[in-house]
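Residue strings, one per chain:
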Amino acid sequence: MDMFLTLSGGFAALLDWTVLAFMISGFLIGTFFGAMPGLTSVLAIALLLPITYSIDVVPALVMCSSIFMAGMYSGSITATTINIPGAPSSMMTAVEGNQLMRKGFGANALGHAALGSMIGGSLGALLLMAFMPVAAEISLLIRTPGKFSLVLFALAVIVIVDKGNIAKGIVATLLGIMLATVGIDVLQPIPRFNFGTETLVEGIDIMPLVIGAFAVSEVLIQAQSWDGGLSRTLAKAKDLKILRRDFIPPLSEIRAIGFLAYIRSAIIGYGIGILPGAGGSMAAFVSYAVARSGSKKPEEYGKGSREGIAAAESANNAMCGGAFVPMLMFGIPGDPTTAIVLGVLVINGLQPGPRLLENQADLLAPMLASLFISALVLIPLTLWLLGPYFVRIVSIPKGLLYSSIAVVALVGSYVATYSVFQMFLALIFGVLAYFMRRQNYSTVSLLLGFILGPDLEQYLRRSLSLNDGNPMVFLTNPDSLFFLGLTAVAVYLILFRRPRRTA
Amino acid sequence: MRGSGRFLTAGVLLPLFFLLLTVIYTAAAFDIRAQFSGDGEIGPRTIPLLAAVCMYAALLWVIVQELRKPPEDPVADEEAGEGGLLRPLGVTVATAAYILLFAPLGYVISTLLFVAALFAIFQFETRRPLRFVLAAAGVTAVFYGLFAGIFGVRLPGLLGGLL
């Protein structure tokens, strides 16, 4: 109960004008990055990471969560207006929203997307706050062998979730694990892989890896695929007339969708968010498929279904709340955004886990409150204030945009340690990630391998050390056995189970 | 593209590069000496060696997959190939030069030159020199304001702060 009260107290922290300013600016940055095709909220948070060295942890976390929520919602803007999803999670919204746009109901589609995001995002944040104390209690029960199996489960799911590229997923994850072994050993005070240099004794910082893998590589990808095509589409879209009054969905349409449908989609999204590696795209897709299979009007799907938009958007925004659960509880991020938020926590000397919630919940509470307020207040407010200008805002010339991103990324990597070496590392990781992305190696797996690698090693070595080197401890320990079983079930469900054929 | 040519595709070259890295990594792993070791304890070199072994197996899997893949469309290859690589190469060279010049030239001059180079690569306002210069100066000034002004970061001055 105490913890729940502390978490509720996070709302009071948002009344501080500095924190409020960071939340609003984060939301606007997230909206822009989410709406702009090619840019993502992950990139926005990656660029923000160096700035967290200069600001307090509370505004930094508040800003991260508002960027996350805004980025998840705003992909629907370009998805609806020009049929180019600003973020992959808005793919299903593009299918339905753009059909409505063509029929002259673009503003209505944007209104439904915002309403779905608002309800889903708020419910996801509330579920996060409500179950956090329970989850903290549960996580206290997990012992070292169980923690090892949990990390193994997370890494296995992250790799197999991309069914077509499992071998490349394993390579990317192992590369991340190998990079993480550079520096002082996790249990003994000896340097590893420093190749005789002092610079590598402290290991590789997460920041140049994040900046390189997500910002520098994006600039290189855009440099390669640069053409005027998108600029021309956006220039045409500037002429679209969108009126504010049309944003408000009529009550009859909301009733037709049904409030329970919003709740069901939010729960699906939240649940998928908890799974490692699943993310907003899967949440939107699964929720959309469930809504379609149980719909009274299945014939509308693919031709501009408001129900489809509501299902996809509720789920992908509710996913934001779910994604924080494994990261805050176990330090296991399920997606790149929470992985970078984990970086923000670590930079500020905070170690995720039940102890963090017990002892420093006041630092996390504003972040959770920001997630809720961003969904409930800022999504509709931004749509109302900026909706008619959204397409104009995302029409910014790419040359100007990517040059600015490159400057922020490189100067940002200098900021943390005032070291030009970090800038070079960011460039090296950027070039590496560019080639990896071109060949369909997941940079998310690389990052998560880097973050989870030291935990995997530490828990394995500790477990074996405490049990005279007997590996059977992983099978005799109930929580470890549970997670190993869960890994086997996930592998079976994702890789081997054939989809049921429908007539 | 048959025979040795297939080994030179990007799909095979990248895992070969990773293979080289893993060989260096494995050699370095054998140099790790544990400071102490108790009963049943696995040392600091075990996980790196285990990761390296798994990496060899995964890379072999990737290389076999790549060699079994049908040859790619030559038109798509050309689009994404050498012609398409020129701009990313330009960005990489400009970035490396920026990093080298960042401390000696200071933030303002190095960033101005870097942004101008990127504008040229992305062909932004290249036909209107005045706008080109103003935009480059604008980007430099905005991010100086953000980092030095708002976040209080000490950015390098001209000639490493001498001027």
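Conventions adopted
- Residues numbered from 1 in each chain as written.
- Chains lettered and ligands numbered in written order.
- Predicted model: local features only at pLDDT ≥ 70, side-chain atom pairs only at ≥ 80, totals over all residues.
- Helix = DSSP H or I, 4+ residues; strand = E, 2+ residues; numbered from the N terminus.
- Buried ≥ 20, exposed ≤ 12 C-beta atoms within 10 Å, placed from the backbone.
- Rg over C-alpha atoms; globule rule 2.2 N^0.38 Å.
- Contact = placed C-beta atoms within 7 Å.
- Nonpolar A, V, L, I, M, F, W, Y, C, P; charged D, E, K, R; others polar.
- Axes fitted to C-alpha atoms, helices over the stretch in contact; angles between N-to-C directions.
- Parallel < 35°, antiparallel > 145°, perpendicular 65-115°, else oblique.
- Left-handed = near helix turned anticlockwise from the far one by under 90°.
- Core = buried A, V, L, I, M, F, W, Y, C linked by C-beta atoms within 7 Å.
- Domains from an automatic or database assignment.
- pLDDT = per-residue confidence, 0-100.

Some details on the overall build of chain B
Turning to step 1, where the next piece is worked out: From N to C terminus, chain B includes six helices and zero strands.
Turning to step 2, where the next piece is worked out: For chain B, buried positions account for 26% of its 163 residues.

Thoughts on the overall build of chain A
Turning to step 1, where the next piece is worked out: Looking only at helices and strands, chain A features 23 helices and two strands.
Turning to step 2, where the next piece is worked out: Expected size for 503 residues packed as a compact globule is a radius of gyration near 23 Å; at 22 Å, chain A falls within 12% of this value.
Turning to step 3, where the next piece is worked out: Counting only C-alpha atoms, chain A reaches 70 × 50 × 50 Å along its principal axes.
Turning to step 4, where the next piece is worked out: A total of 503 residues make up chain A; the buried ones form 59% of that total.

A look at the interface of chain B and chain A
Turning to step 1, where the next piece is worked out: The partner chain A presents 55 residues to the 53 residues of chain B that form the contact.
Turning to step 2, where the next piece is worked out: Elements with a contribution of two residues or more to the side of chain B that touches chain A: helix H1 (10–29), helix H2 (46–68), helix H4 (82–121) and helix H5 (129–150) of chain B.
Turning to step 3, where the next piece is worked out: At 18 residues, the largest contribution of residues to the side of chain B that touches chain A is made by H4(B).
Turning to step 4, where the next piece is worked out: Here the residues of the side of chain B that touches chain A are counted per class, giving 39 nonpolar, 11 polar and three charged.

Focus on unusual backbone geometry
Turning to step 1, where the next piece is worked out: Backbone geometry places Asp468(A), a non-glycine residue, at a positive phi of 50°.
Turning to step 2, where the next piece is worked out: The residue Asp468(A) is located in the loop between helix H21 (443–466) and helix H22 (473–476) in this model.
Turning to step 3, where the next piece is worked out: Taking the C-beta count within 10 Å as the criterion, Asp468(A) has 11 such neighbours and is therefore assigned exposed.
Turning to step 4, where the next piece is worked out: The backbone of Gln123(B) shows a phi angle near 50°, a positive value even though the residue is not glycine.
Turning to step 5, where the next piece is worked out: Topologically, Gln123(B) is positioned in the loop between H4 and H5.
Turning to step 6, where the next piece is worked out: Residue Gln123(B) is classed as partly exposed on the basis of its C-beta count, with 14 C-beta atoms lying within 10 Å.

Regarding the packing of helix H6 (residues 91–102) of chain A against helix H15 (residues 306–330) of chain A
Residue and element names in this part refer to chain A.
Turning to step 1, where the next piece is worked out: Close contact between H6 and H15 brings their axes to 9 Å; oriented N to C, the two are set at 160°. Classified by the interaxial angle, the pair formed by H6 and H15 is roughly antiparallel. Relative to H15, H6 is oriented so that their crossing is left-handed. Judged by residue contacts, Met92, Thr93, Glu96 and Gly97 of H6 engage Gly308, Ile309, Ala312 and Glu313 from H15.
Turning to step 2, where the next piece is worked out: Partitioning the contact of H6 with H15 into residue classes produces three nonpolar, three polar and two charged.

Considerations on the nonpolar core
Turning to step 1, where the next piece is worked out: In this structure, Ala46(A), Val171(A), Val210(A) and Leu368(A) are the most contacted members of the largest nonpolar core, which totals 211 residues.
Turning to step 2, where the next piece is worked out: A domain-level breakdown of this core finds at least three residues from each of domain 1 (3–71) and domain 2 (80–161) of chain B.
Turning to step 3, where the next piece is worked out: With residues up to four places along the chain from it excluded, the contact list for Val210(A) reads Ala46(A), Leu49(A), Ile340(A), Gly343(A) and Leu447(A).

Concerning the packing of helix H5 (residues 57–82) of chain A against H6(A)
Two quantities define a packed helix pair, namely the angle between the helix axes and the distance between the axes.
All names here are of chain A.
Turning to step 1, where the next piece is worked out: At a closest axis distance of 6 Å, the pairing of H5 and H6 adopts a crossing angle of 45°. The pairing of H5 with H6 is recorded here as oblique in orientation. The two elements H5 and H6 meet at a crossing, and its hand is right-handed. Contacts between H5 and H6 pair Ser76, Ala79, Thr80 and Thr81 from the former with Thr93, Ala94, Gly97, Asn98 and Met101 from the latter.
Turning to step 2, where the next piece is worked out: Partitioned by chemical class, the residues of the contact of H5 with H6 number three nonpolar, six polar and no charged.

Focus: the confidence of the model for chain B
Residue and element names in this part refer to chain B.
Turning to step 1, where the next piece is worked out: Residues with a pLDDT of 70 or more make up 82% of chain B, whose mean pLDDT is 84.
Turning to step 2, where the next piece is worked out: When pLDDT is averaged over each helix and strand of chain B, the minimum, 54, is found for helix H3 (residues 74–80) and the maximum, 94, for H2.
Turning to step 3, where the next piece is worked out: Of the two predicted TM-score estimates for the complex, the pTM is 0.83 and the ipTM is 0.89.

Remarks on the environment of Ile332(A)
Residues and elements named next belong to chain A.
Turning to step 1, where the next piece is worked out: Within the secondary structure, Ile332 is located in the loop between H15 and helix H16 (336–347).
Turning to step 2, where the next piece is worked out: Taking the C-beta count within 10 Å as the criterion, Ile332 has 25 such neighbours and is therefore assigned buried.
Turning to step 3, where the next piece is worked out: Taking the C-alpha atoms as reference points, Ile332 and Leu5, separated by 327 residues in sequence, lie 25 Å from one another.
Turning to step 4, where the next piece is worked out: The residues touching Ile332, leaving out its near neighbours within four places in the chain, are Leu150, Val151, Ala154, Pro276, Pro326, Met327 and Leu452.

Digging into the confidence of the model for chain A
Turning to step 1, where the next piece is worked out: On average, residues of chain A score 85 in pLDDT, and 94% of them are at 70 or above.
Turning to step 2, where the next piece is worked out: The element-level mean pLDDT for chain A is lowest in helix H11 (residues 229–237) of chain A, coming to 60, with helix H9 (residues 166–180) of chain A highest at 95.

Examining the environment of Ser265(A)
Residues and elements named next belong to chain A.
Turning to step 1, where the next piece is worked out: If you trace the backbone, Ser265 turns up in helix H13 (residues 259–274).
Turning to step 2, where the next piece is worked out: Residue classification places Ser265 among the buried residues on the basis of 32 C-beta atoms within 10 Å.
Turning to step 3, where the next piece is worked out: Spatially, the C-alpha atom of Ser265 lies 28 Å from that of Thr6, the residues being 259 residues apart in sequence.
Turning to step 4, where the next piece is worked out: Those residues in contact with Ser265 that lie beyond four places of it in its chain are Gly120, Ser287, Ala291, Ala310, Ala311, Ser314 and Ala315.

With respect to the environment of Thr52(A)
All names here are of chain A.
Turning to step 1, where the next piece is worked out: As for its position among the elements, Thr52 is in the loop between helix H4 (41–48) and H5.
Turning to step 2, where the next piece is worked out: By the C-beta count within 10 Å, which is 26 here, Thr52 ends up buried.
Turning to step 3, where the next piece is worked out: Discounting residues that sit within four places of it in the chain, Thr52 has contacts with Ala60, Val344 and Ile347.

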